[in-house]
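Coordinate analysis (summary)
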Amino acid sequence: MNEISQAPTVATFDCRVAFAETLIELARTDHRIVAVCNDSVGSSNLNAFQKEFPDRLINVGIAEQNMVGVAAGLANGGFVPYVSCASPFLTGRALEQIKADVAYNNYHIVLCGQSPGMSYGELGPTHHSIEDFAWMRALTDLTILVPADPRQTRDAVRWASTANRPVFMRVGRFKIPSVTPEDEDFVPGRASRLRDGRDVTLIACGTMVSRALGAADQLAQKGISARVLNMTTIQPLDEAAVIEAATETGRIVTVEEAIIHGGLGSAVAECVVQNKPVPMRILGVPHLAPTGSTAFLLDHFGLNAEGIAKAALELVG
Amino acid sequence: MLDRQTQGADSNALIAKILAADETTRSELLARTATEVRVSILNTIIGPKMGHIGGDFSVADILTTLFFGVMKLDPDNPNWQERDRFILSKGHCSAALYSVLAMRGFFEIDLLKTFMAPLSALNGHPNRRKIPGVEANTGPLGHGLPIGVGCAIAARLAKADRRVFVVLGDGELQEGSNWEAAMAAGHRGLSNLVAIVDRNRLQQGAGTEDTNRLEPLADKWRSFGWEVHDVDGHDHRVLYDMLSQPGGSQPRCLVARTIKGKGVSFIENRVEWHHKVPSLEQVQLAHKELAV
Ligand SMILES: Cc1ncc(C[n+]2csc(CCOP(=O)(O)OP(=O)(O)O)c2C)c(N)n1
């Protein structure tokens, strides 16, 4: 695991590939599965799906509110729609449809937020989706998944076909290394402990998991033992794992590629403060981003191994 | 490089010439300026190797006519209350907007070299908090026309005779918000509002008619209470006439027939050039074609 920290030789992956391949695989045997999108066939990597299942790809055009409503109607007819759309427009434009048509109806719909976080770096804040955790978390009927690598993306896409409830998942485009151990089964609602530690717990999701592991390496060199939790499901939160971390390590740093209000950090803090108050740091995006690539912006906001290690060091004192 | 003020003075002189000229000379001058805009777009997007060249080129003649022939603007005083309002609703074509704004003297031309660079004021979609002349932060499609309707109502309430121009993508019209705004503008007879649809028949992944049909498009606008004109979106004479003419009793919509990628043969009318970026060789070829 140690090599995972920012070593340039580590292979990195665009999770859209695993997303699209898994969806096709599932659709071959599960005839309920349809894809719904908004002029986003190419950007969602759905060209092959469209080729194999032309009737089961419903491209409504540039019309996200309609897209989510249409998905609700399809779910009503017994289909399982995977709605695939750039996350800012899916969660922003169609928020009320997600609330009323999807969550409140409790339809089995899988909302796939493509290019989430700051994946569209240079395109600017209109195209960033740093608010999606906060917006989706306010809808308590949604399960929220944030896969941290291709393997988790595959497992999340598969699991979602059996969820029988509304699911929101991020599908990353920013290339990230693999972090999931070969023998680990994906269990929704369960944190995965990638590293054990006594002094502090780093709780991360999505793109931040490999960086949290990098931070743990840096901390180890300073004699600090950091636990690393991959919190793939941020709703419902694995409260047991959080309380255990608070109890056993006494300090928690959360890190997410999202606005620091209302996301993973807030979820963890809500749990910690009501069960086992301990000092915390919440790392993420503090405000709308300036211009720059995803990699630049992540560094700009200290969302890298160094930044995470620094926050942990401040807590450990 | 010219500083902003000299650039602004030069463009004011050019505009004076354009306005004083006879029809033929005026369209020639506008056409020449539009070519400069296309060259600027090309130079702008090859820096970051990102951008939306197809839609930039298709809208270049419309933007040129508006900024160099029609709109009342004061680059030295970008917040002048009586200025005409312009909103690029298809905000992904920021390189086209930035180019005309810079050429018009709203900011230094040199700034275009920082397009999408770290910490630049020119991010991929226009930002009014960073760039003078930008009225609204666009990028998510379907926002411009509602804001334009508000601008038009504001002008009326203020008893001001300023006008409001909104440029929309055709694929963008699949967003329902446009039609909510169109209905409101028709209902209120907002004759100070002009919507220009860049009707290039392509959207991001395919043709508009293969994705979600828009036709009969002119009839749609008409039925919402708009005065509609079907025009050639690359004909500066027609564009100038239709855009400079004061409004009657209804909001006006130009369905401007355009070619996505207009001006460079291998970019024209090809869906993949929505956001493809030319290679070095292609850039040279493009410069050659634009020079003719
Ligand atoms: C709400 C929203 N959905 C999706 C997109 C992604 N997108 C950017 S440009 C584009 C196609 C726009 O087509 P059109 O309006 O015809 O513009 P043009 O062809 O002139 O570039 C799409 C789907 C977006 N920017 N906003």
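Residues numbered from 1 in each chain as written. Chains lettered and ligands numbered in written order. Predicted model: local features only at pLDDT ≥ 70, side-chain atom pairs only at ≥ 80, totals over all residues. Heavy atoms only, no water.

Regarding the side chain of T258 of chain B
All names here are of chain B. Quick reminder of the rule: The secondary structure listing takes helices from DSSP runs of H or I that are at least 4 residues long and strands from runs of E that are at least 2 residues long, numbered from the N terminus. Categorising residues by exposure relies on relative accessible area from a 1.4 Å probe, with only protein chains included: less than 20% of the type maximum marks a residue as buried, more than 50% marks it as exposed, and the intermediate range marks it as partly exposed. Every residue pair with non-hydrogen atoms within 4.5 Å of one another is taken to be in contact.
Within the fold, T258 resides in the loop between β5 (252-257) and α10 (280-291). The class for T258 is buried, based on a relative accessible area of 9%. When sequence neighbours within four positions are dropped, the list of residues in contact with T258 reads S58, I62, D198, R199, N200, G233 and H234.

A word on the nonpolar core
The following threshold applies: Take the buried residues of types Ala, Val, Leu, Ile, Met, Phe, Trp, Tyr and Cys, join any two whose side-chain atoms come within 4.5 Å, and each joined set is a nonpolar core. Domain boundaries shown here were taken from an automatic or database domain assignment.
I252 of chain A together with L66, F67, F86 and I196 of chain B are the most contacted members of the largest nonpolar core, which has 109 residues in total. Of all the elements, helix α3 (residues 53-70) of chain B adds the most residues to this core, at ten residues. Taken domain by domain, the makeup of this core includes at least three residues from each of domain 1 (15-171) and domain 2 (192-316) of chain A. If we ignore the near neighbours within four places in the chain, the residues touching I196 of chain B are I62, L66, F165, V166, V167, L168, L243, L254 and A256 of chain B. With 36 residues, the next largest nonpolar core counts L213, A216, L303 and I308 of chain A among its residues.

Quick notes on the sheet that holds β5 of chain B
Residue and element names in this part refer to chain B. Basically, it comes down to this: Strand pairing is assigned whenever DSSP detects at least two bridges linking the two strands. Under this scheme, a helix contributes an axis fitted over its contacting stretch, all axes are lines through C-alpha atoms, and angles between N-to-C directions fall in the 0 to 180 degree range.
The parallel open sheet is built from five strands, whose spatial order is β1-β2-β3-β5-β4. Two strands close off the open sheet at either side, each with one partner strand: β1 (85-88) and β4 (227-232). Looking at each pair of strands side by side, their axes are set apart by 20° on average, direction ignored. Packed on one face of the sheet, helix α5 (residues 144-157) meets β1, β2 (164-169) and β3 (193-199) and runs near 170° to β2.

A few points about the interface of chain A and chain B
Note the cut-off: For this analysis, a salt bridge means a side-chain nitrogen from Lys or Arg found within 4 Å of a carboxyl oxygen belonging to Asp or Glu. Any N or O atom pair separated by 3.5 Å or less is treated as a polar contact, with the protein-specific requirement of one donor-capable and one acceptor-capable atom, and with residues adjacent in sequence counted only for side-chain atom pairs.
Tallying the contact residues gives 22 residues for chain A and 27 residues for chain B. If you look at where chain A meets chain B, you find one salt bridge. Its salt-bridge partner being R93 of chain A, residue E175 of chain B comes within 3.0 Å of it at the nearest N-O pair. At the boundary of chain A with chain B, the tally comes to 14 residue pairs in polar contact (both at pLDDT 80 or more). Looking at the side of chain A that touches chain B, the elements that each hand over two or more residues are α4 (87-93) and α11 (294-300) of chain A.

Nothing here speaks to function; it is geometry throughout.
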